[in-house]
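Structural description and commentary
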Amino acid sequence: MSARINRRKRIGILTGGGDCPGINAVIRAVAKKAIHDYDMAIVGIEDGYEGLVHDRKRKLENRDVSGILTLGGTILGTTKKVNPYRYAVRKGSDFIYKDMSKTCVRNFRKYDLDCIVVIGGDGTLGIAYRLMKDGIPIVGVPKTIDNDIIGTDRTFGFDTATWIATEGIDRLHTTAQSHHRVMVVEVMGHNAGWLALSSGIAGGGDIILIPEIPYRMEAITEKVRERNRKGKRFSIVVVAEGAKPEGGSVVIQRMVKESSDPIRLGGIGFVLGDQIEKATGIETRAVVMGHLQRGGSPTPFDRILATELGSLAIDLVVQKNFGYMVGVRKGGFVKVNLKDVAVGHRTVPLNHPLIRTAESIGTSFGR
Ligand code: F6P
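Residues numbered from 1 in each chain as written. Predicted model: local features only at pLDDT ≥ 70, side-chain atom pairs only at ≥ 80, totals over all residues. Heavy atoms only, no water.

**A short note on the overall build of the protein**
- Per the secondary structure count, the protein includes 13 helices and 15 strands.
- The C-alpha radius of gyration computed for the protein amounts to 22 Å, which stays within 12% of the reference 21 Å derived for 367 residues, consistent with globular compactness.
- Counting only C-alpha atoms and orienting by the principal axes, one finds that the protein spans roughly 85 × 45 × 35 Å.
- Of all 367 residues assigned to the protein, the portion counted as buried reaches 54%.
- Sequence-distant contacts, at least 24 apart, represent 73% of the contacts inside the protein between residues at least 6 apart.
- Distance between charge centres in the protein, computed from 53 positive and 39 negative side chains, equals 3 Å. (Helix = DSSP H or I, 4+ residues; strand = E, 2+ residues; numbered from the N terminus. Rg over C-alpha atoms; globule rule 2.2 N^0.38 Å. Buried < 20%, exposed > 50% of the residue type's maximum accessible area, 1.4 Å probe, protein only. Contact = heavy atoms within 4.5 Å. Lys, Arg positive; Asp, Glu negative; His and termini not counted. Charge placed at Lys NZ, Arg CZ, Asp CG, Glu CD.)

Laid out in structure tokens, this is it:
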């Protein structure tokens, strides 16, 4: 009995979904605080829920998390393909789907864990909510370059991705100017326009297209022509991968059948580039920022945010506040019920001050 009372708490940690800069900073903060302040044992589950299904884990000591603050990616590995409730198993050229959630709960118990800190986006946290209901105490940490998680104004990774996209737009400016071209730059963001909006404004984009505001081709070409008339012989168009024309649909790059969120967006930049060139007669080139936005070292802002969120996650663990995600609201930190996070994704409100600001200085949203 006394051995049980004195037992060290054992915390699992898992990273799911697309990687982003700052994940390792969270892992480091969680592990350091848990080990130093509370003498907890940390178990790293490998490759997201894949590791929980297939029993792949390793103990994380202080030395494993030391020196990883600046490191991009995730030392634990991740996948976007695994949903334990709909686990894809290849059968010939197709897949069959199995419910492996009970295996996850079994492995959780086998590891003798008290809870799992799940670092993930809306999909990963939605699964976390289901696992929570099925018996795994979970604390969530919001992660994504898309900044689209309900319940938090900010996700770590977004600042870094904005910075990288802005750097790209800056570089395209000079070549657009030299060649008197239209440069279309496609940025990520899934079905939300946060990344296009922020990097578009920071990079001085002349036209910013986001999924929340379906665009009209005539509005885009008119803006390009107007700039030319005024002696600006180049234009920069920043387009979110999820942008679509009025009455039209998104451009899909590929379907990943085995993923619970199978649609991979991409390609709108090239479609738009061709259309702009045809309509205006101005030479146009398209560039896709793609996964560059997810790679490399996090910005100081993301390192700090990730460290704060990781530290707060351990506070929730200590208080046994399971079933919550740590989040940012109006400049402060909050805990958000995973139930409320799991309902969808956070888009840019049409009355967002940044849209007004951009339009007030002549930026077009193609409407
Ligand atoms: O959610 C992060 C994100 O980078 C999105 O912006 C993008 O739509 C998607 O992931 C790309 O997914 P993948 O890494 O599977 O190509």
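**Some details on the sheet that holds strand β2 (residues 41-45)**
- Pairing is mixed across the open sheet formed by 7 strands, whose spatial order is β3-β2-β1-β6-β7-β14-β15. Whereas interior strands pair on both sides, the edge strands pair on one side only; in this sheet they are β3 (57-60) and β15 (332-337). Between one strand and the next, the sheet's axes are offset by a mean angle of 30°, whatever the strand orientation.
- Taken together, the 5 bridges between strand β1 (residues 10-15) and β2 define a ladder with parallel strand orientation. By the bridge assignment for β2, Leu14 is matched with Ile45. (Pairing = 2+ DSSP bridges. Axes fitted to C-alpha atoms, helices over the stretch in contact; angles between N-to-C directions.)

**With respect to the packing of aromatic side chains**
- Under the criterion given, the structure shown has 0 aromatic pairs.
- Stacked on the ring of Phe234, the Lys or Arg Arg227 has its end atom at 5.0 Å from the ring centre. (Phe/Tyr/Trp six-rings, centres within 6.5 Å; stacked < 30°, edge-to-face > 60°. Lys NZ or Arg CZ within 6 Å of the ring centre and 35° of its normal.)

**Notes on the site of the ligand**
- Inspection of the region around the ligand gives Lys80, Ile145, Asp146, Met188, Gly189, His190, Glu241, Arg264, His291 and Arg294 as its neighbouring residues.
- Between the ligand and the protein, one listed contact pairs an oxygen atom with a side-chain N or O atom of His291 at 2.9 Å.
- Against a free-state accessible area of 400 Å², the protein chains account for coverage of 82% of the ligand.
- For the shell around the ligand, the residue count by class is 2 nonpolar, 3 polar and 5 charged. (Near = heavy atom within 4 Å. Polar contact = N/O pair within 3.5 Å; in protein donor to acceptor, adjacent residues only side chain to side chain. Areas by Shrake-Rupley, 256 points an atom, 1.4 Å probe, with all protein chains shown as cover. Nonpolar A, V, L, I, M, F, W, Y, C, P; charged D, E, K, R; others polar.)

**Some thoughts on the pairing of β1**
- Burial of β1 is extensive: 5 of the 6 residues sit out of reach of the surface.
- As a crossover connection, the stretch from β1 through helix α2 (residues 23-38) into β2 is right-handed. (Right-handed = clockwise from strand over helix to strand, strands pointing away.)

**Structural notes on the sheet that holds strand β13 (residues 284-288)**
- With parallel pairing, 4 strands are arranged side by side in an open sheet as β9-β10-β8-β13. Either end of the sheet is taken by a strand with one partner, and the two such strands are β9 (207-209) and β13. On average, adjacent strands in this sheet sit at an angle of 15° to one another, irrespective of strand direction.
- Direction of pairing for strand β8 (residues 182-187) relative to strand β10 (residues 235-240): parallel, over a ladder of 6 bridges. By the bridge assignment, Met183 is partnered in β10 with Ile236.

**Comments concerning the side chain of Glu258**
- Here Glu258 is to be found in the loop between β11 (252-255) and β12 (263-265).
- Polar side-chain contacts of Glu258 include one of 3.3 Å to the side chain of Lys81.
- Aside from chain neighbours lying at most four places away, what touches Glu258 is Lys81, Ala88, Phe95 and Tyr97.

**Some words on the confidence of the model for the protein**
- The pLDDT averaged across the protein works out to 97; a share of 99% of its residues lies at or above 70.
- Within the protein, the element-level pLDDT minimum falls on helix α1 (residues 2-5), averaging 59, and the maximum on β9, averaging 99. (pLDDT = per-residue confidence, 0-100.)

**Some words on the nonpolar core**
- One finds Ile13, Ile27, Val117, Ile119, Val141 and Phe156 to be the most contacted residues of the largest nonpolar core, which totals 61 residues.
- The dominant element in this core, judged by the number of residues it contributes, is α2, at 8 residues.
- Filtering out sequence-adjacent residues up to four positions away, Ile119 remains in contact with Ile13, Leu14, Thr15, Gly16, Ile23, Val26, Ile27, Thr124, Val141, Lys143 and Phe156.
- Formed by 29 residues, the second largest nonpolar core is a distinct cluster that contains Tyr111, Ile116, Ile136 and Val336. (Core = buried A, V, L, I, M, F, W, Y, C linked by side-chain atoms within 4.5 Å.)

**Thoughts on the state of the cysteines**
- Counting across every chain of the model gives 0 disulfides.
- Note on Cys115: no disulfide assigned, nearest cysteine sulfur contributed by Cys104 at a separation of 16 Å. (Disulfide = S-S within 2.5 Å.)

**Notes on the side chain of Thr284**
- Secondary-structure assignment places Thr284 in strand β13.
- Overall, the relative accessible area of 9% leaves Thr284 in the buried class.
- Those residues in contact with Thr284 that sit more than four places away from it in its chain are Val182, Val184, Gly273, Ile276 and Glu277.

**So, the packing of α2 against helix α11 (residues 300-318)**
- Relative to each other, α2 and α11 sit at 45°, their axes nearing to 7 Å. One finds that α2 runs oblique with respect to α11. The handedness of the crossing between α2 and α11 is right-handed. Residues Ala25, Val26, Arg28, Ala29, Val30, Lys33, Ala34 and Tyr38 of α2 lie in contact with α11, whose contacting residues are Arg303, Ala306, Thr307, Gly310, Ser311, Ile314, Asp315 and Val318.
- Its residues placed into classes, the contact of α2 with α11 shows 9 nonpolar, 3 polar and 4 charged. (Parallel < 35°, antiparallel > 145°, perpendicular 65-115°, else oblique. Left-handed = near helix turned anticlockwise from the far one by under 90°.)

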